[in-house]
Amino acid sequence: MFDAPTLRAIGELADRLKCPAAALQAAAEVESNGQVFAMVKGKQEPLIRFEGHYFDARLKAADRAVARAQDLSSPVAGRVKNPAAQAKRWELVTRAAKINRQAALESFSIGLGQVMTAHWRKLGFNSVDDMIKLARAGAAGQIDIMARYIDKFGLADELRRLDFPAFARGYNGAGYKKQGYHLKMAAAYRRLSGSPPVSASTGMLRMGSNGARVRALQTLLVRAGYTVNVDGDYGPSTRDAVRDFQKAQKLAPDGVVGPETLRRLEAWKQGAAEQPGEQPVTEVPEVKDATKGGGLLVLIIAARDQVAETASYLTGIEADTAQTVANVLLAGSGAIGLGLAAYAVWGWIKSRRTDEGDIDPDAAAEVSAPDPVLA
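Because the structure is predicted, anything quoted here is derived from the model rather than measured.

### Here we look at the overall build of the protein chain
Move 1: Secondary structure assignment for the protein chain yields 20 helices and seven strands.
Move 2: Intrachain contacts of the protein chain at a sequence separation of at least 6 include 62% that bridge at least 24 residues.
Move 3: Here the protein chain displays about 18400 Å² of accessible surface, and carbon together with sulfur accounts for 54% of that area.

### Points about the pattern of salt bridges
Move 1: The final tally for this structure, using the stated rule, is 22 salt bridges.
Move 2: Note that Lys88 and Glu91 form a salt bridge whose closest N and O atoms lie 4.0 Å from each other. Here Glu91 and Lys88 lie together in helix H5 (residues 86-97), a separation of three residues that amounts to about one turn.
Move 3: Residue classification places Glu91 among the partly exposed positions, given a relative accessible area of 34%.
Move 4: For the salt bridge of Asp157 with Arg160, the shortest nitrogen-to-oxygen distance reads 2.4 Å. Placement of the pair is Asp157 and Arg160 together in helix H9 (residues 156-160), with a separation of three residues, close to one helical turn.

### Observations regarding the side chain of Ser107
Move 1: Its location among the elements puts Ser107 in the loop between helix H6 (101-105) and strand S4 (108-110).
Move 2: By relative accessible area, Ser107 is classed as buried at 0%.

### Observations concerning the nonpolar core
Move 1: Formed by 73 residues in total, the largest nonpolar core has its most connected members in Leu24, Phe55, Phe108 and Ile150.
Move 2: When sequence neighbours within four positions are dropped, the list of residues in contact with Leu24 reads Ile10, Leu13, Ala14, Leu17, Cys19, Ile143, Ile150 and Leu159.

### Notes on the pairing of strand S2 (residues 43-46)
Move 1: As paired strands, strand S1 (residues 37-40) and S2 are joined by four bridges and run antiparallel to one another. If you follow Ala38 over to S2, its bridge partner there is Glu45.
Move 2: Between S1 and S2, which pair antiparallel in sequence order, lie two residues; one of them, Lys41, sits at a positive phi of approximately 50 degrees.

### Points about the packing of aromatic side chains
Move 1: Using the criterion set out here, one finds eight aromatic pairs in the structure.
Move 2: Through pairs of rings, three or more aromatic residues link up here, namely Tyr149, Phe153, Phe167 and Tyr171.
Move 3: When the ring centre of Phe153 is taken as origin, the NZ or CZ atom of Lys122, which lies over that ring, is 4.1 Å away.
Move 4: Over the ring of Phe125 we find Arg148, and its NZ or CZ is 4.0 Å from the ring centre.

### Brief notes about the sheet that holds strand S5 (residues 115-116)
Move 1: Read across the open sheet, the three strands follow the order S3-S4-S5; overall the sheet is antiparallel. One side of each edge strand has no neighbouring strand; the edge strands of this open sheet are strand S3 (48-50) and S5.
Move 2: When S4 meets S5, the two strands line up antiparallel, connected through two bridges. Looking across to S5, one finds that Ser109 is bridged to Met116.
Move 3: Packing of helix H7 (residues 128-137) onto the sheet brings it into contact with S4 and S5, and relative to S4 it is tilted by some 40 degrees.

### Focus: unusual backbone geometry
Move 1: Backbone geometry at Gln114 places phi at a positive 45 degrees, although glycine is not the residue there.
Move 2: The exposure class assigned to Gln114 is partly exposed, which follows from its relative accessible area of 28%.
Move 3: Backbone geometry places Leu162, a non-glycine residue, at a positive phi of 55 degrees.
Move 4: Residue position: Leu162 is located in the loop between H9 and helix H10 (164-172).

### Observations concerning the packing of helix H2 (residues 21-32) against helix H12 (residues 181-193)
Move 1: Contact geometry of H2 with H12 gives a least axis separation of 8 Å together with a crossing angle of 130 degrees. Classified by the angle their axes make, H2 and H12 are oblique. The two elements H2 and H12 cross, and the hand of that crossing is right-handed. Of the residues in H12, those touching H2 at Ala22, Ala23, Gln25, Ala26, Ala27, Glu29, Val30 and Glu31 are Tyr181, Lys184, Met185, Ala188, Tyr189, Arg191, Leu192 and Ser193.
Move 2: Here the contact of H2 with H12 is composed, by residue class, of 10 nonpolar, two polar and four charged.

### Points about H2
Move 1: Taking 1.5 Å per residue, 12 residues should reach 16 Å; H2 reaches 16 Å between its end C-alpha atoms and fits that length.
Move 2: Burial within H2 is extensive, with 11 of its 12 residues counted as buried.
Move 3: Within the sequence span of H2, burial applies to Ala22, Ala23, Leu24, Gln25, Ala26, Ala27, Ala28, Glu29, Val30, Glu31 and Ser32.
Move 4: Residues of H2 that are buried in the fold lie against helix H1 (4-17), helix H8 (139-152), H9, H10 and H12.
Move 5: Asn33 lies just past H2 and shows a positive phi near 50 degrees.

### A look at the confidence of the model for the protein chain
Move 1: Averaged over the protein chain, the pLDDT score is 83; the fraction of residues at 70 or greater is 74%.
Move 2: Here residues 368-375 is modelled with pLDDT under 50, and outside its nearest four sequence neighbours on either side it reaches 17 contacts, counting other chains as well.

Calculation rules
Numbering of residues starts from 1 in every chain and runs along the sequence as written. Only residues with pLDDT of at least 70 are given local features in this predicted model, and only at 80 or more are side-chain atom pairs given and counted; all residues enter the totals for whole chains, interfaces and linings. Here the side-chain values reflect all heavy atoms present in the structure, with hydrogen atoms and water set aside. For helices the rule is a DSSP run of H or I covering at least 4 residues; for strands it is a run of E covering at least 2, with both sets numbered from the N terminus onward. Between two residues, a contact is recorded if the distance between any of their heavy atoms is within 4.5 Å. Residue-level accessible areas treat just the shown protein chains as cover; the underlying method is Shrake-Rupley with a 1.4 Å probe. Salt bridge, as used here: a side-chain nitrogen of Lys or Arg that lies within 4 Å of a carboxyl oxygen of Asp or Glu. For each residue, the accessible area found with a 1.4 Å probe, counting protein chains only, is set against the maximum for its type, and the residue is called buried under 20%, exposed over 50%, and partly exposed in between. To define a nonpolar core, start from buried Ala, Val, Leu, Ile, Met, Phe, Trp, Tyr and Cys residues and group those joined through side-chain atoms within 4.5 Å. Strand pairing is assigned whenever DSSP detects at least two bridges linking the two strands. Side-chain rings of Phe, Tyr and Trp, where Trp is taken by its six-membered ring, are said to pair if the distance between their centres is within 6.5 Å; with planes under 30 degrees apart they count as stacked, over 60 as edge-to-face, and otherwise as tilted. Distance and angle both matter: a charge sits over a ring if NZ of Lys or CZ of Arg is within 6 Å of the ring centre and within 35 degrees of the ring normal. Axis definition: a line fit to C-alpha positions, over the contact stretch in the case of helices; interaxial angles, taken between N-to-C directions, run 0 to 180 degrees. With respect to orientation, any angle under 35 degrees is reported as roughly parallel, any angle over 145 as roughly antiparallel, any angle of 65 to 115 as roughly perpendicular, and every other angle as oblique. Left-handed describes a crossing in which the near helix is turned anticlockwise from the far one by less than a right angle; the clockwise case is right-handed. Three classes are used: nonpolar for Ala, Val, Leu, Ile, Met, Phe, Trp, Tyr, Cys and Pro, charged for Asp, Glu, Lys and Arg, and polar for all others, with Gly counted as polar. For a helix, the expected span equals 1.5 Å multiplied by the number of residues minus one. The pLDDT value expresses, per residue, how confident the predictor is, ranging between 0 and 100.

Have a look at this one:
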């Protein structure tokens, strides 16, 4: 996918990050989706995505009114739509620059790593123009920008550990699993290195983990004086709080909750039997979504589906068989009561589950190649 000069640059940048070259190359391949440039007005330009909410936040009131009238800015992320064609996206930047050039140039992600130009100062550039110039120089320059982002936003540890779920959670956000970024990176690493990515953090809480144990961890961090949201999602802010706690405890600040980190945090438990951060069944996201609006019919239909899931989860029977059993049970005279009870049981189980974020080797081995990006 990359030429020899780019591969040399990857090796040099990997040395700078102190991570395996195959790990950085895997991340770069997946992020580029097989494409580094698009033809725009007869010349090669880096791939970009214009972010109207970034532009909106950088404008003064008068310019903001003009930009909103032209559908170039919005306070809501994603409200300004990006055309499929890269040439059209660059046209958005050109139009925005007529309103405020600096704000426009700070309002798009660029290159194979899709790094926001707004970070130019933190990434060590003298100007946003210098960052864009490096992205235009070639794939090696774009990987340099990506490596700077990985370094400055504290994601090098995850690459060193070959912890692609944690890396993807930090780099791609909370929705990384829906796009399968972690699986694609693991598959690319396996192809490039000849061996599966075995991470020492497997089975531990770290970025990419979610569920009951993460809520417990976050609750204890809050009690210990650290500011985190108790939401069950182990994201960058939770990772940073764990690192700060580990530093204060003179532990290796890797952001991974191993046995010793957990043991020291348990000093903030209110009793041996306490389950910190315990989530009420009614607050389980799936339960809240299914019962939104208070519709009883919606609840019963959702109950039927969750009776099936619960039966399959607890007994191991086939999903189709479990669905049939659920339909029969809910068709009886006690359907409403049974449905509500079963739904409560399912919610109770769901509220106590934890997903450490580990990769299923079979799923990683079967992942498809990246989709091509439209020109």
